[in-house]
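Residues per chain are reported as follows:
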Amino acid sequence: MKEQNSQLKIGIVLNYVNLVLGGVVPLLYTPIMLKILGIEEYGLYKLSASITSYLALIAFGLGAAITRYLIKARTEKGEEEERAVLALFIVIFRIVAVLALIGGSVLALCLPLWYSESISAVELTRMQWLVILMAFNTAVNFIASPYISIVNAHERFLFLQSMAIMGTILAPCLNLVALFLGYASIGLAVSSILSTILFRLLFWGYVRSSMKVKPLYKRMSKEYIVDVVSFSFWIFVSNIVGQLYEATDSALIGTVPALATTGVAIYSVGMILCGMINTINAGISSMLVPKANKMVFNGASTDELTDTGIRVGRIQALIIALFIFGFITFGREFIYFYAGEDYAISYWVAVVCMIPISIPLVQSFFLNIIIARNENRFRALTYLFVALINVVATWYMMKWIGVFGAALATSIANFIGPGFIMNWFYKKRIQLQIGRFWKSLLNIYFVPSILAVLFLGLGKYINYYHIPYFIGGICVFFMLYVSLQWLFIMTDYEKELVKGLINR
């Protein structure tokens, strides 16, 4: 237990190191990439990625089941049963990888049916190659999924976060090498494959040599298959919804000749900035998956689950609020320096998507609870219904007000589904104390709201497009935010956690 707590604490520290790198590295890398590729080539690359991302659905939601069943097997029947379950998932994901390759080839052949009127024949051919390469990359990720999950199940956060840090640094470096050699978007796809293979081999070696966990193929636990499929089905439905939210907007934008690859590029930059919040949250959330499973399996009360959700949610809210309100204040100037004036609309795309998406992010521990309790059905059906409405709304709003319309439709859908309906479900079905949860978090947003109004007002007199003022403004905003939150908002537990992290 002591070692697990140490791993968790060190993992959290390394997660924040990775967050800093994840913010600094793109600042240096992305403007160079955008300049070399150009807006149309970048749009083509992101459109290809959006199309290929549908291949993730082939896994049928099994990815979310691996960690749960590995922990369940070890807790209930011991290490040998865990090895048997690992063997089962390895075989399953090898089959899934083959299906991904076949699916990628089919998608590549079908591209002319969808995009022949909006992009040129030369771009279409390049897009087909991109989809095939990205499908291969997806297949490699599938093969490695069981090994990554068992590292997470054993709470080896030191290794997990070390690999994440290495990936944050190495992947952009390989991309830049490919770009400077003149390989453009195809080079980006190939470099992604190389980095994926490297890191997956490292995970495989770590599991076999350091953890000394070997799959037991002789007695694969086939008894789990029915249970796993039943559990994974609603995760699969949720994944469909995720695709409808995350990838369909770009796919639809690409079909409109007036928008096409340029519109996809502008939308993608906005969503990348919005996605940084997911990155900020994902490191903490992933490390809490084992904790949520153990609390559920050990029969934790709803009071205990709510208390843990509040502690985690407040920490996540303190970080996410800084990012969102900081971006609202300085986002226009940031995009100007980051991507160029051609991407100005990306600011509004990012802002309207950031605000509603923060709701499920600060409640990510509650999501882990319903997954551990295998009660994901309501969430999946709710998200599916709202996402289908979002697709229709996106199509019409996109034609009315362009790229911003697609973002606005998605934002409204996120308020309705992940926001209002899921909070009702957490309260009524899971019996969590949602009123107490939001009351505990509400005061966190007071300080950044006041600061945003103040600094936006100062923007009428201070030119933030002048780099010294821009950097100075961000630094003052940050220092005031940290100071005021520390003095008036943060609890003793949160202060002690920060002190502990700094000391460590």
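Keep in mind the model is a prediction, meaning the values are calculated, not measured.

(A) Broad picture of the overall build of the protein. When its secondary structure is counted, the protein shows 19 helices and zero strands. Of all intrachain contacts in the protein linking residues separated by at least 6 positions in sequence, the fraction that spans at least 24 positions is 85%. A total of about 22700 Å² of accessible surface is found on the protein, and carbon and sulfur atoms cover 68% of it.

(B) A look at helix α14 (residues 364-372). Within α14, eight of the nine residues are buried, which leaves the element mostly enclosed by the surrounding structure. Those residues of α14 not exposed but buried are Ser364, Phe365, Phe366, Asn368, Ile369, Ile370, Ile371 and Ala372. Positive phi shows up at Asn374, right after α14, with a value of about 55 degrees.

(C) Structural view of the pattern of salt bridges. Applying the stated criterion to the full structure yields three salt bridges. For Glu41, the salt bridge is made with Arg126, and the minimal N-O distance between the two is 2.9 Å. Here Arg126 lies in helix α5 (residues 121-153) and Glu41 lies in helix α2 (residues 39-52), a separation of 85 residues in the sequence. Its relative accessible area of 13% is what places Glu41 among the buried residues. Classification of Arg126 as partly exposed rests on a relative accessible area of 25%. The shortest N-O distance in the salt bridge between Arg436 and Asp307 comes to 2.9 Å. One end of the pair, Arg436, is in helix α16 (residues 434-442); the other, Asp307, is in helix α12 (residues 302-338), with 129 residues separating them in the sequence.

(D) Expanded view of unusual backbone geometry. At Ala184, a position not held by glycine, the phi torsion is positive, near 50 degrees. When you line up the elements, Ala184 lands in helix α7 (residues 184-210). Phi is positive for Gln431, which is not a glycine, with a value near 65 degrees. Its place among the elements puts Gln431 in the loop between α15 (377-428) and α16.

(E) How the structure looks around the environment of Leu201. By the secondary structure assignment, Leu201 is in helix α7. Sequence separation between Leu201 and Tyr147 is 54 residues, and the spatial gap between their C-alpha atoms is 9.7 Å.

(F) Layout of the packing of α12 against α16. Two elements in contact, α12 and α16, have axes separated by 10 Å at closest approach and are oriented at 25 degrees. Judged on the interaxial angle alone, α16 and α12 are roughly parallel. Between α12 and α16 lies a crossing whose hand is right-handed. Where α12 abuts α16, its residues Asp303, Thr306, Asp307, Gly309, Ile310, Gly313, Arg314 and Ala317 lie against Arg436, Phe437, Ser440 and Leu441. The residue inventory of the contact of α12 with α16, partitioned by class, reads four nonpolar, four polar and four charged.

(G) Structural view of the packing of aromatic side chains. One pass over the structure, following the stated rule, counts 19 aromatic pairs. With 5.0 Å between their ring centres and 80 degrees between their planes, Tyr347 and Trp348 make a pair best called edge-to-face. Judged by centre distance (5.1 Å) and plane angle (55 degrees), the ring pair of Phe366 and Phe437 falls under tilted. Of this pair, Phe366 sits in helix α14 while Phe437 sits in helix α16, placing them 71 residues apart in sequence. Look at Phe366 and you get buried, because its relative accessible area is 1%. Taking relative accessible area as the criterion, Phe437 reaches 0% and is therefore assigned buried. Every member of this aromatic cluster is reached through a ring pair, and the members are Phe330, Tyr336, Phe337, Phe455, Tyr464, Tyr465, Phe470 and Phe477.

(H) Spatial organisation of the nonpolar core. Leu273, Phe327, Tyr343 and Tyr426 are the most contacted members of the largest nonpolar core, which has 96 residues in total. For this core, the element with the most residues is α12, which contributes 14 residues. Ignoring anything within four residues of it in the chain, the contact list for Leu273 reads Phe323, Phe327, Phe334, Ile335, Tyr338, Ala350 and Met354. Core analysis: the second largest hydrophobic core is formed by 29 residues, Ala139, Phe142, Phe157 and Phe203 among them.

(I) Structural view of the side chain of Thr306. Residue placement: Thr306 occurs in helix α12. Overall, the relative accessible area of 0% leaves Thr306 in the buried class. Among the polar contacts made by the side chain of Thr306, one reaches the main-chain amide nitrogen of Gln433 at a distance of 3.3 Å. Discounting residues that sit within four places of it in the chain, Thr306 has contacts with Phe366, Leu432, Gln433 and Arg436.

(J) Structural context of the environment of Ser364. Positionally, Ser364 belongs in helix α14. Looking at Ser364, the relative accessible area reads 5%, which means it is buried. For the pair Ser364 and Gly309, spaced 55 residues apart in sequence, the C-alpha to C-alpha distance is 8.2 Å. Reaching out from Ser364, the side chain makes a polar contact with the side chain of Gln316 at a distance of 2.9 Å.

(K) View of the packing of α12 against helix α17 (residues 446-458). Their axes nearest at 10 Å, the elements α12 and α17 cross at an angle of 10 degrees. Taken as axis vectors, α12 and α17 run roughly parallel relative to one another. Of the residues in α17, those in contact with Ala321, Phe325, Ile328, Thr329, Phe330 and Arg332 of α12 are Pro448, Ser449, Ala452, Phe455 and Leu456.

About the criteria used
Residues numbered from 1 in each chain as written. Predicted model: local features only at pLDDT ≥ 70, side-chain atom pairs only at ≥ 80, totals over all residues. Heavy atoms only, no water. Helix = DSSP H or I, 4+ residues; strand = E, 2+ residues; numbered from the N terminus. Contact = heavy atoms within 4.5 Å. Areas by Shrake-Rupley, 256 points an atom, 1.4 Å probe, with all protein chains shown as cover. Buried < 20%, exposed > 50% of the residue type's maximum accessible area, 1.4 Å probe, protein only. Salt bridge = Lys/Arg side-chain N within 4 Å of Asp/Glu carboxyl O. Axes fitted to C-alpha atoms, helices over the stretch in contact; angles between N-to-C directions. Parallel < 35°, antiparallel > 145°, perpendicular 65-115°, else oblique. Left-handed = near helix turned anticlockwise from the far one by under 90°. Nonpolar A, V, L, I, M, F, W, Y, C, P; charged D, E, K, R; others polar. Phe/Tyr/Trp six-rings, centres within 6.5 Å; stacked < 30°, edge-to-face > 60°. Core = buried A, V, L, I, M, F, W, Y, C linked by side-chain atoms within 4.5 Å. Polar contact = N/O pair within 3.5 Å; in protein donor to acceptor, adjacent residues only side chain to side chain.

Any functional reading would require information beyond the geometric quantities listed.
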